[in-house]
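Inside the fold
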Amino acid sequence: MASSSLASKSDQPQIAKFKIALCQISVSLDKNTNIDRARKMIKDAAKMGAKLIVLPEMWNCPYANENFPIYAEDFDNREFSPSFMMLSEVACNQGVTVVGGSIPERCGDRLYNTCCVFGTNGNLIAKHSKIHLFDLTGDVCFKESDTIAAGDQPTIVDTDVGRIRIGICHDVRFPELAMLCRERGADLICYPGAFNMSTGNLFWELVQRARQEFFAILSLGDLLVISYAFTDLIDYLNYSHRAADNQLFVATCSPARDSSGSYMIWGHSTLVGPFGEVIATSGPEETTVIAEIDYSMCQLQRENLPLEKQKRGDIYQFIDCTNELSSQQ
């Protein structure tokens, strides 16, 4: 099956400051056009000084179950993997680290939603297959699991710009992986994604309602059913919480909204800092977000608010009061 990479905790020094680029690509039905567009955006980002370049989820094909088998590539057969080979070549030619968004990967009779990370020499240094598949039922239905198999390993990789954890879109909903990232010494999580959107003039009203709904749900202590209309904003809040709770940087990269296909995409690729602040973001259009990451800000936040020291692992457990009372009777 698709492999992953999980680095052990290390005290090795890493670059303190660098520019990151989030390439919000407009995805067409033509695979070669998508590859050419991605190559150009990576080159342009490198010219602007970016040392780490991130692409979106499913950038070589429109996001749809029927497209995944058609556009899939077998990375072991490089001659027939043009998306994979382009990322390797451009990373080497430009001397940059590339988090290659994700493309459908064919492994035997299975398909995976896979992100490949390439080092500055063009070598593949990590591969992450989406762990949590996006299956949504109700009035609106989308089941990624109809065509995609789930990965089964988290991915943390050492690069020229530090230790990075990789997640793909729906992986952000699960805070355990972000906590693992912090424990293994990573200061940056990259989430390629292709988020859906709520349309129309009610946007700002939906923002307010979604925030209200989100905190009401949290106050209940259990994640109940969230309306499809709130999906994108909840994802956005998740990114902020992953950053603030773990005191690290979170970078998200989406396709542009005018991508081909019936799946409407939110866009708004974003870099969030360790204080939970939005450092840079985009609109829905095709664009590249260039921003600076300063790892010293992670250390500053952790010194000001030492959450690691304040954790109470001795009491983080569930107690079944019913069974306890029954045993006493």
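Below is a short write-up of the structure. Quantities reported herein were computed from a predicted structural model and do not represent experimental measurements. (Residues numbered from 1 in each chain as written. Predicted model: local features only at pLDDT ≥ 70, side-chain atom pairs only at ≥ 80, totals over all residues. Heavy atoms only, no water.)

1. Some thoughts on the overall build of the protein chain
Across its full length, the protein chain holds nine helices and 15 strands. Across the 329 residues in the protein chain, those meeting the buried criterion constitute 52%. A sequence separation of at least 24 residues applies to 69% of the contacts in the protein chain between residues at least 6 apart. Accessible area of the protein chain: about 15400 Å², with a carbon and sulfur share of 51%. (Helix = DSSP H or I, 4+ residues; strand = E, 2+ residues; numbered from the N terminus. Buried < 20%, exposed > 50% of the residue type's maximum accessible area, 1.4 Å probe, protein only. Contact = heavy atoms within 4.5 Å. Areas by Shrake-Rupley, 256 points an atom, 1.4 Å probe, with all protein chains shown as cover.)

2. Thoughts on helix H1 (residues 31-47)
Its 17 residues give H1 an end-to-end C-alpha distance of 25 Å, which sits within 8% of 24 Å, the value for a rise of 1.5 Å per residue. Where H1 is concerned, the buried positions are Lys31, Asn34, Ile35, Ala38, Met41, Ile42, Ala45 and Ala46. The arc that holds the buried residues of H1, viewed along the axis, is 135 degrees, so those residues lie on one side. Opposite the buried face of H1, at more than 90 degrees from it, the exposed residues are Asn32, Lys40 and Lys47. Close packing links the buried residues of H1 with strand E1 (17-24), strand E2 (50-54), helix H2 (68-71), helix H3 (82-94), strand E3 (97-99) and strand E15 (287-294). (Expected span 1.5 Å × (residues − 1). Arc of directions from axis to C-beta.)

3. Quick notes on the pattern of salt bridges
For the structure on display, the rule yields nine salt bridges. A salt bridge links Lys17 to Asp294, with the shortest nitrogen-to-oxygen separation between them at 3.9 Å. Here the residue Lys17 occupies a position in strand E1, and Asp294 occupies one in strand E15, the gap between them amounting to 277 residues. Among the salt bridges present, the one from Lys130 reaches Glu57, with a minimum N-O distance of 3.0 Å. With a gap of 73 residues between them, Lys130 in the loop between strand E6 (124-129) and strand E7 (135-136) and Glu57 in the loop between E2 and H2 connect regions that are remote in the sequence. Residue Lys130 shares its accessibility class with Glu57, and that shared class is buried. In this structure, a network of salt bridges that share partners links the residues Glu57, Lys130 and Glu144. (Salt bridge = Lys/Arg side-chain N within 4 Å of Asp/Glu carboxyl O.)

4. Brief notes about the state of the cysteines
By definition, a disulfide is the covalent link that joins the sulfur atoms of two cysteine residues. Tallied over the entire structure, the rule returns zero disulfides. A disulfide-free cysteine, Cys115 has its sulfur positioned 6.7 Å from the sulfur of Cys116, the nearest such atom. According to the relative accessible area criterion, Cys115 is buried, its value standing at 1%. Left without a disulfide partner, Cys190 is nearest to the cysteine sulfur of Cys115, which lies 8.0 Å away. (Disulfide = S-S within 2.5 Å.)

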